[in-house]
Amino acid sequence: MRALLLSLLIRQHMALKEKFSAKYPHAWLVWEAGAWNVPEEQNVSATRLPMMDLRDCLPAGDALCFELMGVAERGPLKLGRAEHNTFVVNDATVSREQLALHPTPEGRWTVERLAHSRPVTVNGGTLEPEQPRVLQPGDELKVGDVRLTFHDAVSFNARIGRIAAQVLAQASSPPPR
């Protein structure tokens, strides 16, 4: 499974334009920028881009994007803090094995909170353990202090396109005096 930074995908979108959706035709789960609770030290850091001259890049934060490619034979895509998960979210507020994502025969995705994991909310509502829920584009999952946003291919392409347009507009405007 691929995990790519949002900033890289925005640059890809600017370069590929309408070919972007053909290169990235899958659903995505985006680990939104925010506080990151490092498990070993229990420090809180902010996930941010390096502070160099990155005028052509992104606003203040970056996000990690997990490409969801459902291969039913492999079983569910699991997310958690432990290294054996498909998607590792190394944050102290996330369980070792937190949730599972399942592709449906119709091409949609369901999310399931695993038994004995910490609470998960979807759009503010509690996700009960072992009760799968169909995900809709734009659904926000809160896992501990981590915010994840689900996108199907169309909504992800639209999100990336909006941000790319903002970046291009900022780059073409004259610098403030």
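Residues numbered from 1 in each chain as written. Predicted model: local features only at pLDDT ≥ 70, side-chain atom pairs only at ≥ 80, totals over all residues. Heavy atoms only, no water.

Student: Help me understand the packing of helix 1 (residues 6-16) against helix 3 (residues 153-172) in this model?
Tutor: Packed helices, taken two at a time, are described by the angle between their axes plus the distance between the axes. At a closest axis distance of 9 Å, the pairing of helix 1 and helix 3 adopts a crossing angle of 80 degrees. By the angle between their axes, helix 1 is roughly perpendicular relative to helix 3. In this structure, helix 1 uses Leu6, Leu9, Ile10, His13 and Met14 to contact helix 3, whose residues at the interface are Phe156, Asn157, Arg159, Ile160, Gly161, Ile163, Ala164, Val167 and Leu168. When the residues that make up the contact of helix 1 with helix 3 are grouped by side-chain class, the tally is 10 nonpolar, three polar and one charged. (Axes fitted to C-alpha atoms, helices over the stretch in contact; angles between N-to-C directions. Helix = DSSP H or I, 4+ residues; strand = E, 2+ residues; numbered from the N terminus. Parallel < 35°, antiparallel > 145°, perpendicular 65-115°, else oblique. Contact = heavy atoms within 4.5 Å. Nonpolar A, V, L, I, M, F, W, Y, C, P; charged D, E, K, R; others polar.)

Student: Is there a simple way to explain the packing of aromatic side chains in this structure?
Tutor: Any aromatic ring pair is given by two values, namely how distant the centres are and how the planes are angled relative to each other. All told, the structure shown has four aromatic pairs when counted by the stated rule. For the ring pair Phe20 and Tyr24, a centre distance of 4.9 Å and an interplane angle of 45 degrees mean the geometry is tilted. On the accessibility criterion, Tyr24 (5% relative accessible area) is buried. Ring geometry for Phe66 against Phe87: centres 4.8 Å apart, planes inclined by 50 degrees, an arrangement best described as tilted. (Phe/Tyr/Trp six-rings, centres within 6.5 Å; stacked < 30°, edge-to-face > 60°. Buried < 20%, exposed > 50% of the residue type's maximum accessible area, 1.4 Å probe, protein only.)

Student: Explanation requested: the sheet that holds strand 7 (residues 87-88) in the structure shown.
Tutor: One key point about sheets: their strands pair by backbone hydrogen bonds, in either a parallel or an antiparallel sense. Pairing in this open sheet of five strands is mixed, and the strands run 7-6-8-9-12 from one edge to the other. Looking along the sheet, the strands with just one partner apiece sit at the ends: strand 7 and strand 12 (133-134). (Pairing = 2+ DSSP bridges.)

Student: Got a minute to help me understand the pattern of salt bridges in this structure?
Tutor: For side chains of opposite charge, pairing can occur when their charged atoms come near one another. Scanning all chains against the criterion turns up three salt bridges. Arg2 is paired through a salt bridge with Glu67; the nearest N and O atoms lie 2.6 Å apart. Here Arg2, found in the segment before strand 1 (3-5), pairs with Glu67, found in strand 5 (residues 64-68); they are 65 residues apart in sequence, far enough to count as distant. Of the residues examined, Glu67 reaches a relative accessible area of 0% and is grouped as buried. Ionic pairing is found between Arg159 and Glu32, a salt bridge with its closest N-O pair at 2.7 Å. Within this pair, whereas Arg159 is found in helix 3, its partner Glu32 is found in the loop between strand 2 (27-31) and strand 3 (35-37), the two being separated by 127 residues in sequence. Here Arg159 and Glu32 have matching classes, each one buried. (Salt bridge = Lys/Arg side-chain N within 4 Å of Asp/Glu carboxyl O.)

Student: Would you take a moment to explain the pairing of strand 13 (residues 140-143) for this structure?
Tutor: Strand residues, when the strand is regular, have side chains that alternate between the two faces of the sheet. Residue alternation in strand 13 divides its side chains into a buried set, Leu141 and Val143, and an unburied set, Glu140 and Lys142. In this structure, strand 10 (residues 120-122) lies alongside strand 13, joined through three bridges in antiparallel fashion. Paired with Val120 across the two strands is Val143, which belongs to strand 13. Sheet topology places strand 13 next to strand 14 (residues 146-151); four bridges connect them, and they run antiparallel. Bridge pairing in strand 14 places Leu141 opposite Leu148. Connecting strand 13 to the antiparallel partner strand 14 that follows it, the hairpin turn spans two residues, and Gly144 within it adopts a positive phi of roughly 60 degrees.

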